[in-house]
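Results of the structural survey
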Amino acid sequence: MKIIVIPGDGIGPETMSVAIDALEIVDKKFNLGLDLQHDIAGHDSLKKYGTTIHEGLLESVKSADGLILGPMATYDFKDESKGEINPSKFFRKSLDLFANIRPAKTYPGSGTQYKPLDLVVVRENTEGFYADRNVESGGSEMLITPDVVVSLRRITRPCCERIARAAFELAMTRKKHVTIVHKANVLRIGDGMFIDACHAVAREFPEVVVDDVIVDAMMAHVVRAPERYDVIVTTNMFGDILSDLTAELAGSLGLAASINAGTHYGMAQAAHGSAPDIAGQNIANPFSQVISASMLLAWYGQRKNKPAFIEASKALNEAVAQAIAAGEATRDVGGRLGTKETGQALSARLLKN
Ligand code: NAD
């Protein structure tokens, strides 16, 4: 499996280094034959090539079996004409990575004060309110007069149906329960169509129980009674916001793993950003990056019917869970170690397990 690895901005290089060490260990242990090829994007690339996405990078990623993208300092990249392309958007749009799968699971020992949860947010990743990706070219946010801005939201039936199908297929491997999160009381036409499309797909999965919740109420319900939810399917921006909340309820944004999957490509990327407030301090939690990489192995193993990749993914998840329970983790999840030391302890555990 050829994987392009891009460390990203801010805390990216610190957390990615831990993920790479962990991958190299499971590669040997499970005889995976990983070919990790290192590249750059974001600030490193802007400095070196004058653009956040250098020439040839997309082709290189397309020729690989997967991409691990570190967190990007998206907010810094404002002007595409100056080479400041948002790399996360670039890969999601160019590779049509329509399903952003964001699990949130409470790990014993993580010190969270909230109720235990184990759910997955399935977020549509290519349209909705995201003005940088919901039109063929250019952006869909317009300055009409110096004081008037119009931002368009795009919702299409095929995109609703494919994200719904991803959610229902996932639900069949879990508790067979899908919750549709929407704002159809206000966005009647767009979210009305989203709900309709989800129910149409639901008919293909008669064993799955379906309900729906309005997004604002969901923010309260998921805090108060997270045990009610298993797979949550929603549009782009609601999923982006809800998944940060569920990650924090599970213990920390530092556990927020995700995979961005399309029909042909998969990209592992932690759900959080580049965390400039803690970058370079050896305190960032690397587990979001490790679990994201693990999700990519599982995704590949399922597609190619290669059980060793699924076993390797399980081994990584198990080692992370044990590390958190043992306090061999960063402070945000109740541990006592720095990023690097957390990585060393995880490597030792993976070798020993
Ligand atoms: P952020 O997600 O980077 O950080 C939010 C808070 O969570 C911060 O206090 C941070 O210290 C903490 N945090 C994040 N990851 C952590 C980790 N692994 N361990 C411990 N604590 C962690 O959000 P932000 O500060 O609003 O954004 C910073 C930059 O990241 C911005 O440029 C933003 O646009 C970008 N961003 C990128 C992505 C992405 O690449 N997928 C996602 C979100 C934000």
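Residues numbered from 1 in each chain as written. Predicted model: local features only at pLDDT ≥ 70, side-chain atom pairs only at ≥ 80, totals over all residues. Heavy atoms only, no water.

Here we look at the nonpolar core
Operational definition: Nonpolar core, defined: a set of buried Ala, Val, Leu, Ile, Met, Phe, Trp, Tyr and Cys residues in which side-chain atoms within 4.5 Å join the residues together. Exposure is judged per residue with a 1.4 Å probe applied to protein chains only, and the accessible area is read against the type maximum: over 50% gives exposed, under 20% gives buried, and values in between give partly exposed. For the purposes of this entry, the term helix denotes a DSSP run of H or I that reaches at least four residues, the term strand denotes a run of E that reaches at least two, and both are numbered from the N terminus. Domain ranges listed in this record stem from an automatic or a database domain assignment.
Membership of the largest hydrophobic core comes to 68 residues, with the highest contact counts inside it found for I3, L34, V233, F287, V290, L297 and L346. Of the residues forming this core, the biggest block, nine residues, is contributed by helix α9 (residues 287-304). Residues lining this core come from more than one domain, with at least three contributed by each of domain 1 (1-95 + 257-353) and domain 2 (113-250). Among the nonpolar cores identified, the runner-up in size contains 17 residues, and L58, V61, A64 and M72 belong to it.

Looking at the domain arrangement of the protein
Which entries qualify depends on this criterion: Whether two residues touch is decided by their heavy atoms; if any such pair falls within 4.5 Å, the residues are in contact. Here the buried area means the combined drop in accessible surface, using a 1.4 Å probe, for two parts upon being joined, counting both sides. Whenever two N or O atoms come within 3.5 Å, that pair is a polar contact, provided that in protein one can donate a hydrogen and the other can accept it, and provided that, for residues adjacent in sequence, both atoms are side-chain atoms. Throughout, the ten residues Ala, Val, Leu, Ile, Met, Phe, Trp, Tyr, Cys and Pro are labelled nonpolar, Asp, Glu, Lys and Arg are labelled charged, and all others, Gly among them, are labelled polar.
Each assigned domain of the protein is listed with its residue range as follows: domain 1 (1-95 + 257-353) and domain 2 (113-250). Contact residues are listed per partner, giving six residues for domain 1 and nine residues for domain 2. Area buried by domain 1 at its contact with domain 2 is led by K89, R92 and K93, which between them contribute 75% of it. Here domain 1 is connected to domain 2 by four residue pairs in polar contact (both at pLDDT 80 or more). Considering every element that reaches the side of domain 1 that touches domain 2, the biggest residue donor is helix α4 (residues 87-94), with three residues. The residue makeup of the side of domain 1 that touches domain 2, split by class, is one nonpolar, two polar and three charged.

Section: the sheet that holds strand β3 (residues 66-69)
This is how the line gets drawn: Paired strands, in this sense, are two strands between which DSSP finds at least two bridges. Lines fitted to C-alpha atoms define the axes here, with helix axes fitted over just the stretch in contact, and angles between the N-to-C directions of these axes take values from 0 to 180 degrees.
The ten strands are arranged β2-β1-β3-β12-β11-β4-β5-β10-β8-β9 in an open sheet whose pairing can be described as mixed. The sheet terminates laterally at β2 (35-38) and β9 (209-214), the two strands that pair on one side only. Each strand axis lies, on average, 25° off the axis of its neighbour in the sheet, ignoring direction. Two elements, strand β1 (residues 2-6) and β3, share four bridges in a ladder whose sense is parallel. Bridge pairing in β3 links I6 to L69.

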